[in-house]
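# Coordinate inspection notes
Residue-level listing of the chains:
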Amino acid sequence: IVDPENFYRLTIYDDKSDGFLGFMTVFRGRSYVTADTLVLEPGFSSISGPSVDHGFYVGDDPPMTLTLDLEFDAFPEELTWSVTNVEDNLPLGFKWFGWYSNALISARETIPIYGSDRGTQQYVFEVLDEKGNGMCCEYGTGSYALYFGAPSNQSRITH
């Protein structure tokens, strides 16, 4: 049991630093449904080293959020993204290759981030395509837009 309305760091250790196959999932509440997933670790390799970290927020009212709007090309399963806080190197938002099914056209992700009580914060936003051919144009016209808070022209950070 954890205190609500707080950020948490989950560190998974690998004694032999050789990675593991399988999944580890942290769910919100007692139901095991995808919509309640707080953390999904899809396994990692020896490249990851002796541990991997995940950050997540427990509660209904995070201090601040980013909104990520995704329009997929023909291969949504080839997309991964992350938002990492620079100060503590904690990934606060993350979806790995294969998270999105190839039946999807678009998705919206709400990513809790630290509030003003922690002072000015910097984040690294990274989007990768598994095949390296990008989201546009050979296999459709995929795109993304990242917003500070709710989506609007004034809150757009990047696209």
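Below is a short write-up of the structure. Throughout, residues of each chain are indexed from 1 in the direction in which the sequence is written. Residue-level local features of this predicted model are given only where pLDDT is at least 70; pairs of side-chain atoms are given and counted only at 80 or more, and the full residue set underlies all totals for whole chains, interfaces and linings. Water and hydrogen atoms were dropped before computing side-chain values, which therefore reflect all heavy atoms in the structure.

### Quick word on the overall build of the protein chain
To keep it simple, the criterion reads: Only DSSP runs of H or I reaching four residues or more are called helices, and only runs of E reaching two or more are called strands; each is numbered from the N terminus. Taken over C-alpha atoms, the radius of gyration is set against a globule rule of 2.2 Å times the number of residues to the power 0.38. Only protein chains enter the accessibility calculation, which uses a 1.4 Å probe. A residue is then buried if its area is under 20% of the maximum for its type, exposed if over 50%, and partly exposed in between. Only heavy atoms enter the contact rule, under which two residues are in contact if any of them lie within 4.5 Å. A 1.4 Å probe and the Shrake-Rupley method give the accessible areas. Residues count as covered only by the protein chains that appear here. For the purpose of charge, His is not counted, nor are the chain termini; Lys and Arg are scored as positive and Asp and Glu as negative. Taken as the charge centre is NZ of Lys, CZ of Arg, CG of Asp or CD of Glu, depending on the residue.
Regarding its fold elements, the protein chain presents 0 helices and 15 strands. The C-alpha radius of gyration of the protein chain comes to 16 Å, within 12% of the 15 Å expected for a compact globule of 159 residues. Considering only C-alpha atoms, the protein chain reaches an extent of 45 × 40 × 30 Å along its principal axes. Relative to its 159 residues, the protein chain shows a buried fraction of 33%. For the protein chain, restricting intrachain contacts to residue pairs at least 6 apart in sequence, the fraction spanning at least 24 positions comes to 66%. When the accessible surface of the protein chain is split by element, carbon and sulfur atoms take 51% of a total near 9800 Å². Here the protein chain holds 9 positive side-chain charges and 23 negative ones, and the gap between their average locations is 4 Å.

### Some words on the nonpolar core
Applied cut-off: For the purposes of this section, nonpolar cores are sets of buried Ala, Val, Leu, Ile, Met, Phe, Trp, Tyr and Cys residues that join through side-chain atoms within 4.5 Å.
Residues Leu70, Trp81, Tyr100 and Ile111 are the most contacted members of the largest nonpolar core, which totals 16 residues. Elements supplying a minimum of two residues to this core: β7 (64–71), β8 (79–85), β9 (90–95) and β10 (106–113).

### Topic: the sheet that holds β9
We count it as follows: Here, a strand pair is defined by DSSP locating no fewer than two bridges between the strands. Helix axes are fitted to C-alpha atoms over the stretch in contact, other axes to C-alpha atoms as well, and angles between N-to-C directions run from 0 to 180 degrees.
Taken in spatial order, the 3 strands make up an open sheet running β9-β8-β11, and their pairing is antiparallel. The open sheet has two edge strands with one neighbour each: β9 and β11 (123–129). Pairwise comparison of adjacent strand axes, ignoring direction, gives a mean angle of 15° for this sheet. Relative to β11, β8 is paired through 7 bridges, and the arrangement is antiparallel. Pairing of threonine 80 across the sheet is with leucine 128, part of β11.

### Points about the sheet that holds strand β14 (residues 143–148)
In space, the 4 strands of this open sheet follow the order β10-β7-β14-β15, with antiparallel pairing throughout. In this open sheet, the two edge strands, each paired with only one partner strand, are β10 and β15 (156–158). Taking the axes of each pair of neighbouring strands and ignoring which way they run, one obtains an average angle of 25° across the sheet. Note: β7 against β14, 6 bridges, orientation antiparallel. Residue pairing across strands places glutamate 71 opposite serine 143, the latter belonging to β14.

### Considerations on the pattern of salt bridges
Rule in force here: Each reported salt bridge corresponds to a side-chain nitrogen of Lys or Arg within 4 Å of a carboxyl oxygen of Asp or Glu.
Inspection of every chain in the model, using the stated rule, returns 5 salt bridges. Arginine 9 is the partner of aspartate 53 in a salt bridge, and the nearest nitrogen-oxygen pair spans 3.1 Å. Of this pair, aspartate 53 sits in strand β6 (residues 51–58) while arginine 9 sits in strand β1 (residues 6–13), placing them 44 residues apart in sequence.

### Points about the packing of aromatic side chains
Which entries qualify depends on this criterion: Between the rings of Phe, Tyr and Trp (Trp by its six-membered ring), a pair exists once the centres lie within 6.5 Å; its type follows the angle of the planes, with under 30 degrees stacked, over 60 edge-to-face, and the other angles tilted. Think of it as a cone above the ring: NZ of Lys or CZ of Arg counts as a charge over the ring if it is within 6 Å of the ring centre and within 35 degrees of the ring normal.
Enumeration according to the criterion identifies 9 aromatic pairs in this entry. Their ring planes at 75° and their centres at 4.8 Å tell us that phenylalanine 7 and tyrosine 114 sit as a pair that is edge-to-face. Pair noted here: phenylalanine 7 is in strand β1 and tyrosine 114 is in the loop between β10 and β11, with a separation of 107 residues, a long-range link. Grouped by ring-pair contacts, the aromatic residues Phe7, Tyr57 and Tyr114 constitute a single cluster. The ring centre of tyrosine 114 lies 3.6 Å from the NZ or CZ of arginine 118, which sits over that ring.

The values are spatial; any link to function lies outside them.
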